[in-house]
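Below, each chain spelled out in residue letters.
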2 protein chains.
Amino acid sequence: MTTPCDKCPLRRCEYFLPFTDEELAFMLRFKSGELTVDPGTTVLMEGSNSPQVFTVLSGMGTRYKTLEDGSRQVINFLFPGDFIGLQAGIMGEMKHSVESSAPMVLCVFNRSDLWDVFKAHPSRAYDLTWIAAVEEHFLGESLAAMGQGTASQRVAWALLRIHQRLRVVGLEKAGVVPLPFRQQDLADALGLSLVHTNKTLMALRRSGLARWSDGSLAIADRAKLAAYAGSAPELLEKRPLM
Amino acid sequence: MTTPCDKCPLRRCEYFLPFTDEELAFMLRFKSGELTVDPGTTVLMEGSNSPQVFTVLSGMGTRYKTLEDGSRQVINFLFPGDFIGLQAGIMGEMKHSVESSAPMVLCVFNRSDLWDVFKAHPSRAYDLTWIAAVEEHFLGESLAAMGQGTASQRVAWALLRIHQRLRVVGLEKAGVVPLPFRQQDLADALGLSLVHTNKTLMALRRSGLARWSDGSLAIADRAKLAAYAGSAPELLEKRPLM
DNA sequence: CGTAGGCTTGAATATGGTCAATGGTTGTGG
DNA sequence: CCACAACCATTGACCATATTCAAGCCTACG
């Protein structure tokens with residue numbers, strides 16, 4: 001029923017570092033199941049203590065924090081290949097929530113097996129740390145995009161980065177990628193109001209630089225959009241897949 | 001000459017998880033030296049491939065990215081106990097720069113020994129991942145503070161968080177902590193202009209909530225400042241020390 | 001057919017940015 | 001010892017970007 005790791009479609013992406021045979025064998029044992037969720041499902045909840053950690057096999061979602069005043073900050077968007085739940089796995093408690101924005105399939109791992117990874121499989125433990133470092137790096141980039149740069153630059157930057165990320169997992173066709181989020185999600189990710197986000201997206205559409213509507217994002221000329229964004233997100237380097 | 005890990009003053013802080021004897025013995029071997037730098041020194045450079053990673057033993061600094069348009073984003077401030085260089089250590093290249101803002105002493109580790117940690121000392125490898133997860137968590141909090149919240153809230157939040165962090169390493173005396181940064185550093189961290197940051201700090205000073213001048217930050221009533229900040233930074237949980 | 005959720009638009013407002021100038025302190029060279 | 005430069009903090013005036021408020025529209029769905 002579930003996809004065994006040796007047949008995982010993500011492994012075919014250049015973006016992810018290859019497994020050794022030994023690692024592959026280990027992952028086959030490590031993976032304990034699959035979770036399929038509908039759009040709008042809360043997969044992990046801030047403050048919870050999930051017994052499981054996941055890798056996104058397909059679908060997309062958001063990672064967000066809810067603040068005391070009720071506002072929401074989207075930390076980042078989740079795409080196939082992303083690992084989620086490390087904080088709960090290591091620190092004991094989720095520091096943010098995870099929600100699906102489209103039908104999503106997740107590989108399930110037991111949190112209690114994490115320690116075994118460190119004890120018995122150092123190369124995979126190393127990769128876990130690598131994944132954490134990559135995540136940290138991306139958050140730093142987000143911080144920079146939010147702190148510096150105008151609304152239009154931020155929106156352009158975000159669309160570019162998302163487009164790039166979907167490309168490397170093979171979801172792009174002729175410059176178009178699926179993008180099942182709401183404008184509110186992007187607004188909450190960039191620290192902008194919904195209204196202004198909408199107007200900015202409109203401007204981008206009219207200028208022909210980027211067209212996001214009906215769940216699809218089309219970018220004709222990435223270089224042009226990057227110039228518009230001011231600081232373009234850097235190229236995506238290969239990273240490990242869990 | 002250098003401080004041996006068994007005599008490390010940071011180990012006395014409640015904030016850091018205790019070492020086992022075995023871990024202590026390992027760290028004594030792992031630590032390869034100390035680096036002492038003057039204020040304003042660039043310790044690690046974006047894009048560089050440092051052969052070493054560090055733990056801040058004393059002093060403070062900034063971790064920042066320089067953008068294409070010349071602007072600077074301070075990712076976070078560095079305090080005693082912080083581990084730096086993990087990205088270079090794992091991913092092969094620094095994604096940001098590190099600069100000292102005060103005289104700083106760093107414990108030096110050889111990057112090439114990192115892999116040995118994973119192979120031979122899983123509990124320390126686990127702690128490394130833990131540190132990365134904590135770092136990621138803090139960046140998420142920063143993102144939330146920057147995205148939501150007004151200028152005054154952001155400044156109040158940042159001062160609170162810094163105060164808290166310095167408290168747990170024993171640098172607070174009667175509500176006052178040393179804070180050797182420039183207003184420009186805080187502005188660059190919060191995505192605000194220098195002028196507005198200055199005016200906001202002035203307002204905080206006049207209201208008596210927080211007083212930062214001449215390298216010292218005084219917070220009389222943390223609860224009151226937290227209320228003003230809107231979303232207070234959460235209490236600092238124990239974390240591993242490298 | 002009516003309601004709910006999400007997208008779109010305009011108008012008024014405010015928050016924070018930019019520009020410009022001043023003062024204090026430190027360090028340096030004449 | 002003084003003059004000067006460099007750096008940082010401070011302040012005021014003006015302006016622009018982005019927020020808030022308000023309304024209308026469309027589609028999906030019960």
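Just above sits the structure.
Since the model is a prediction, treat every value here as computed from it, not as a measurement. (Residues numbered from 1 in each chain as written. Chains lettered and ligands numbered in written order. Predicted model: local features only at pLDDT ≥ 70, side-chain atom pairs only at ≥ 80, totals over all residues. Heavy atoms only, no water.)

Caption draft 1: Broad picture of helix α8 (residues 222–229) of chain A. Residue and element names in this part refer to chain A. If you check which residues of α8 are buried, you get Leu-225, Ala-226 and Ala-229. Each buried residue of α8 sits inside an arc of 105° when the element is viewed along its axis, so together they form one side. Summarising the geometry of α8, the exposed residues directed more than 90 degrees from the buried face are Ala-223, Lys-224 and Ala-227. Its buried side turned inward, α8 meets α5 (151–167) and α7 (194–206). Two or three places before Ala-223, at the opening of α8, Asp-221 has a side-chain oxygen 3.1 Å from that residue's backbone nitrogen. Gly-230 occupies a position one or two residues after α8 and carries a positive phi of about 85°. (Buried < 20%, exposed > 50% of the residue type's maximum accessible area, 1.4 Å probe, protein only. Helix = DSSP H or I, 4+ residues; strand = E, 2+ residues; numbered from the N terminus. Arc of directions from axis to C-beta. Contact = heavy atoms within 4.5 Å. Polar contact = N/O pair within 3.5 Å; in protein donor to acceptor, adjacent residues only side chain to side chain.)

Caption draft 2: Seen up close, the nonpolar core. Met27(A), Phe30(A), Phe83(A), Met27(B), Phe30(B) and Phe83(B) are the most contacted members of the largest nonpolar core, which has 70 residues in total. Residue contacts for Phe83(B): discarding those within four places in its chain leaves Val53(B), Phe54(B), Thr55(B), Phe109(B), Leu128(B), Ile131(B) and Met242(B). (Core = buried A, V, L, I, M, F, W, Y, C linked by side-chain atoms within 4.5 Å.)

Caption draft 3: Structural view of the packing of aromatic side chains. For the coordinates displayed, the defined rule picks out 18 aromatic pairs over all chains. Ring geometry for Phe118(A) and Tyr126(B): centres 5.1 Å apart, planes at 75°, overall edge-to-face. On the criterion of chain membership, the pair formed by Phe118(A) in helix α3 (residues 114–120) and Tyr126(B) in helix α4 (residues 122–147) is interchain, its members lying in two chains. Across the pair, exposure class does not vary: Phe118(A) and Tyr126(B) are buried alike. (Phe/Tyr/Trp six-rings, centres within 6.5 Å; stacked < 30°, edge-to-face > 60°.)

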